[in-house]
Amino acid sequence: MKFVFFAVFLAVFAHGVDGFMDSIECATCHRIQTNFWKKSRHANHDSELYIAVLEAVAKQTDTLKIEVLSLCSRCHNPELAMNKNLNTYMFSKILGIKNSVTREIDEIAKSTSKISNVSCSFCHSIDSIKPNPHGSLAGSELVEWIKEKGTFSGPFASSANEFHKNVQKDVFKSDQICLACHNQVSMKDKNGKPLIISAYTTGDEMVDLSKSCTDCHMSEIQKNFSVSGSEIAELRGIREHRFTGGHDISQVRSAFLYEYDKESKSIFIQNTSPHMVPTGFGGRLLEFVFSYEDKKGNTLDQSETRTFGAHYKKNGRPALQYLADSMQDERLKGLAKKQIKLNPPKDAYKVNIKINYHFISPELIKEYDLKISPKAAGPMVIEYQNGGSFILE
């Protein structure tokens, strides 16, 4: 297994590029959008969970952590994935040589701040996205870069800019950039059989293509100035660079609508997202808790729980998706309703709905003995003040 990872590593990272501009420099002019980005998962990825999963995969596959990290970095930190020194680093490690390259990359591998980051200049240096018919490429491997130095790309071209040149690229008016990472379709073995390894199929899950990724995960287009405090600022239609997702309470809360049918004593959960929920990382688990009150408002002891997720297994045991040999998909389908038939206790008058969103399921934490904090593992608890309570009678 170690040889396979190393061979893939060399094939993927044979060509490096210069580093990207630090996003702090972008904030000099683009302060508003940079402030949104700073609060997003693109800037502040949950390194604790990410590192724990990396280390578990490395241990289970008898592979160096940096090898697994470099493959994952194609999406999680393209600057690291494209580091020109990675091949030198790997050969130095094999030969037991310590030098400035090994010290630099070892430091990155240990750093929670450098290990995962999708910077402003990564996306805004993209010229186009390559086809990916077999799903074997991901993230930075799919990118064709702007070749002219000092030039950035986006949905607009600028007529005047004293700092850098802007070029308009149609790729920013589609979902292609998002799906370079969020739709790594299932890879296939030499016999054409799909592998379980890839669960990042959000794009393929979409059942309504009338909305783009950016409509839900950035913002609606708003009129605002392109830069802050500059004479060359242009009024444009701009999206807020929020990149909200499964770690944002408001995003998860707004994903569901509820109905109660008295005749069948059922709750119907409507997934308003056009893709499955949860999506992305296969360890996520949604837990709906239905608790009951009597007519006096007292909470009754009996409650009911329903869970939704993609359950990966290897040799019949819970497994991370990267190691699995089977998967049972029990997620909520895009724009679909799910009926939950309730079994309320005798004195129940009202049912209340609560969501526990586990960023990684408890069974995976136990299976791999992951040492992560409750903040990194979840659950994120989502209570409903309105729309999540129903009178049963």
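The written sequence of each chain sets the order in which its residues are numbered from 1. With pLDDT at 70 or above as the cut-off, local features in this predicted model cover only qualifying residues; side-chain atom pairs require 80 or more to be listed or tallied, and sums for whole chains, interfaces and linings still use all residues. Computation of side-chain values covers all heavy atoms of the structure but excludes hydrogens and water.

Engineer: What is the right way to look at the overall build of the chain in this model?
Structural biologist: The numbering of helices and of strands both runs from the N terminus, where a helix is a DSSP run of H or I of at least 4 residues and a strand a run of E of at least 2. Helix and strand counts for the chain come out as 15 helices and 16 strands. Here the analysis covers contacts within the chain between residues at least 6 apart in sequence; of these, 63% occur between residues at least 24 apart. What sets the accessible areas is the Shrake-Rupley method with a 1.4 Å probe; for residues, cover comes only from the shown protein chains. Approximately 21,000 Å² of the chain is accessible, and the part contributed by carbon and sulfur atoms is 52%. Contact criterion: two residues are considered in contact whenever any of their non-hydrogen atoms come within 4.5 Å of each other.

Engineer: Would you explain helix α4 (residues 47–61) in this entry?
Structural biologist: Helix length check: α4 (15 residues) gives 21 Å between terminal C-alpha atoms against 21 Å at 1.5 Å per residue, within 8%. Two residues or fewer past α4, Asp-62 is found with a positive phi of approximately 55 degrees. A helix is expected to span 1.5 Å multiplied by its residue count minus one.

Engineer: I'm lost on the nonpolar core in this one. Help?
Structural biologist: The tendency in soluble globular proteins is for nonpolar side chains to be buried as a group. Put simply, buried Ala, Val, Leu, Ile, Met, Phe, Trp, Tyr and Cys residues joined by side-chain atoms within 4.5 Å make one nonpolar core. Buried, partly exposed and exposed residues are distinguished by accessible area as a fraction of the type maximum, computed with a 1.4 Å probe on protein chains only: under 20%, between the cut-offs, and over 50%, respectively. Counting 61 residues, the largest nonpolar core has Phe-256, Tyr-258, Ile-267 and Phe-288 as its most contacted members. Here this core takes eight residues from α4, the largest share from any one element.

Engineer: So what exactly am I meant to see when it comes to the pattern of salt bridges here?
Structural biologist: Two side chains that carry opposite charge are able to pair once their charged atoms sit near each other. Should a side-chain nitrogen of Lys or Arg be within 4 Å of a carboxyl oxygen of Asp or Glu, the pair is scored as a salt bridge. Taken as a whole and assessed by the stated rule, the structure comprises 14 salt bridges. Across the pair Lys-337 and Glu-259 runs a salt bridge whose closest N-O atoms are separated by 3.0 Å. Linking Lys-337 in strand β13 (residues 337–341) with Glu-259 in strand β7 (residues 256–261), this pair joins segments that are 78 residues apart in sequence. A relative accessible area of 40% places Glu-259 in the partly exposed class. Note that Glu-393 is salt-bridged to Lys-295, the shortest N-O span being 3.8 Å. Linking Glu-393 in the segment after β16 (389–391) with Lys-295 in the loop between β9 (285–293) and β10 (299–314), this pair joins segments that are 98 residues apart in sequence. Take Glu-393: its relative accessible area is 51%, and that puts it in the exposed class.

Engineer: How should the sheet that holds β7 be read in this particular structure?
Structural biologist: In a beta sheet, neighbouring strands pair by backbone hydrogen bonds and run either parallel or antiparallel. An order of β7-β8-β13 is seen for the three strands of this open sheet, with the pairing classed as antiparallel. Among the strands making up the open sheet, the edge pair consists of β7 and β13. Between one strand axis and the next, the sheet turns by 20 degrees as a mean value, whatever way the strands run. By the convention used here, strands pair only if DSSP detects at least 2 bridges between them. Two strands pair when backbone bridges link them, and strand β8 (residues 266–271) and β13 are joined in this way by five bridges, in the antiparallel orientation. Bridge assignment links Ile-267 to a residue of β13, and that residue is Ile-340. Note on method: axes are straight lines fitted to C-alpha atoms, helices fitted across the in-contact stretch only, with angles between N-to-C directions ranging 0 to 180 degrees.

Engineer: How do you make sense of the side chain of Glu-287 when you look at a structure like this?
Structural biologist: The topology assignment puts Glu-287 in strand β9. Here Glu-287 sits buried without a salt bridge, and the closest side chain of opposite charge, Lys-354, lies 7.1 Å off (N-O distance). Setting aside its immediate chain neighbours within four residues, Glu-287 contacts Thr-305, Arg-306, Thr-307, Lys-354, Ile-355, Asn-356 and His-358. Asp and Glu are treated as the negative residues and Lys and Arg as the positive ones, with His and the ends of the chain left uncounted.

Engineer: Explain the packing of aromatic side chains to me, please; I cannot follow it from the model alone.
Structural biologist: Side-chain rings of Phe, Tyr and Trp (the six-membered ring for Trp) are treated as a pair once their centres are within 6.5 Å; stacked means planes under 30 degrees apart, edge-to-face means over 60, and tilted covers the remaining angles. Under the criterion given, the structure shown has seven aromatic pairs. Where Phe-288 meets Phe-308, the ring centres are 5.7 Å apart and the plane angle is 80 degrees; that geometry is what we call edge-to-face. Separated by 20 residues along the polypeptide, Phe-288 in strand β9 and Phe-308 in strand β10 bring together distant segments of the chain. Neither residue differs from the other here; Phe-288 and Phe-308 are each classed as buried. Ring pairing ties together the aromatic residues Phe-256, Tyr-258, Phe-288, Phe-308 and Tyr-384, which thus form one cluster.

Engineer: Quick question: what am I supposed to make of helix α3 (residues 31–38) here?
Structural biologist: For an α-helix, the turn length of 3.6 residues means that residues three or four places apart are oriented alike. Taken together, the buried positions of α3 are Gln-33, Thr-34, Phe-36 and Trp-37. Buried residues of α3, seen end-on, are gathered within an arc of 155 degrees and therefore sit on one face of the element. Those residues of α3 that are buried are in contact with α2 (23–26), α9 (120–123) and β6 (235–238). Directions are taken from the helix axis to each C-beta atom, and the arc is the one they span.

Engineer: What is the right way to look at the packing of α4 against helix α5 (residues 65–76) in this model?
Structural biologist: The description of two helices packed together rests on the angle between their axes and the distance between the axes. Relative to each other, α4 and α5 sit at 130 degrees, their axes nearing to 9 Å. What the angle tells us is that α4 and α5 run oblique. As for the relative orientation of α4 and α5, their crossing is right-handed in sense. Contacts from Tyr-50, Ile-51, Leu-54, Glu-55, Val-57 and Ala-58 in α4 reach Lys-65, Val-68, Leu-69, Cys-72, Ser-73 and His-76 in α5. We call Asp, Glu, Lys and Arg charged. Ala, Val, Leu, Ile, Met, Phe, Trp, Tyr, Cys and Pro are nonpolar, and the rest, Gly among them, are polar. Among the residues forming the contact of α4 with α5, the class breakdown is eight nonpolar, two polar and two charged. Roughly parallel covers angles under 35 degrees, roughly antiparallel covers those over 145, roughly perpendicular covers 65 to 115, and oblique covers all other angles. Each crossing gets its handedness from the near helix: less than a right angle anticlockwise from the far helix is left-handed, clockwise is right-handed.

Engineer: Sorry, what's going on with the state of the cysteines here?
Structural biologist: Two cysteines form a disulfide when their sulfur atoms are joined by a covalent bond. In this description, the term disulfide denotes a pair of cysteine sulfurs within 2.5 Å. Enumeration according to the criterion identifies one disulfide in this entry. With no disulfide of its own, Cys-178 lies 4.3 Å from the sulfur of Cys-213, the closest cysteine sulfur. For Cys-178, a relative accessible area of 25% translates into the label partly exposed.

Engineer: What am I meant to see in the pairing of β9 here?
Structural biologist: Put simply, side chains in a regular strand alternate between the two faces of the sheet. The buried count for β9 comes to eight of nine residues, which makes it a mostly enclosed element. Both β9 and β10 contribute to a ladder of eight bridges, which runs antiparallel. Pairing of Leu-286 across the sheet is with Phe-308, part of β10. Connecting the antiparallel pair β9 and β10 is a turn made up of five residues, with Gly-297 showing a positive phi of about 85 degrees. As defined by bridge partners, β9 adjoins strand β14 (residues 350–358) across nine bridges and the pair is classed as antiparallel. Within the sheet, the bridge partner assigned to Leu-286 lies in β14 and is Tyr-357.

Engineer: Looking at this structure, how should I read the environment of Thr-63?
Structural biologist: Looking at the element boundaries, Thr-63 is found in the loop between α4 and α5. Here the side chain of Thr-63 touches Thr-61 through a polar contact of 2.8 Å, side chain to side chain. In protein, a polar contact means a hydrogen-donor-capable atom and an acceptor-capable atom, both N or O and within 3.5 Å, with residues adjacent in sequence counting only if both atoms are side-chain atoms; elsewhere, any N or O pair within 3.5 Å suffices.

Engineer: Please explain the side chain of Asp-175 as it appears in this structure.
Structural biologist: In this fold, Asp-175 is placed in the loop between β4 (165–168) and α10 (176–182). Buried charged residue Asp-175 carries no salt bridge. Nearest counter-charge: Arg-239, at 7.8 Å. A polar side-chain atom of Asp-175 sits 3.0 Å from the main-chain amide nitrogen of Cys-213. Leave out the neighbours within four places in its chain, and Asp-175 touches Lys-211, Ser-212, Cys-213 and Thr-214.

By themselves, these figures tell us nothing about what the structure is for.
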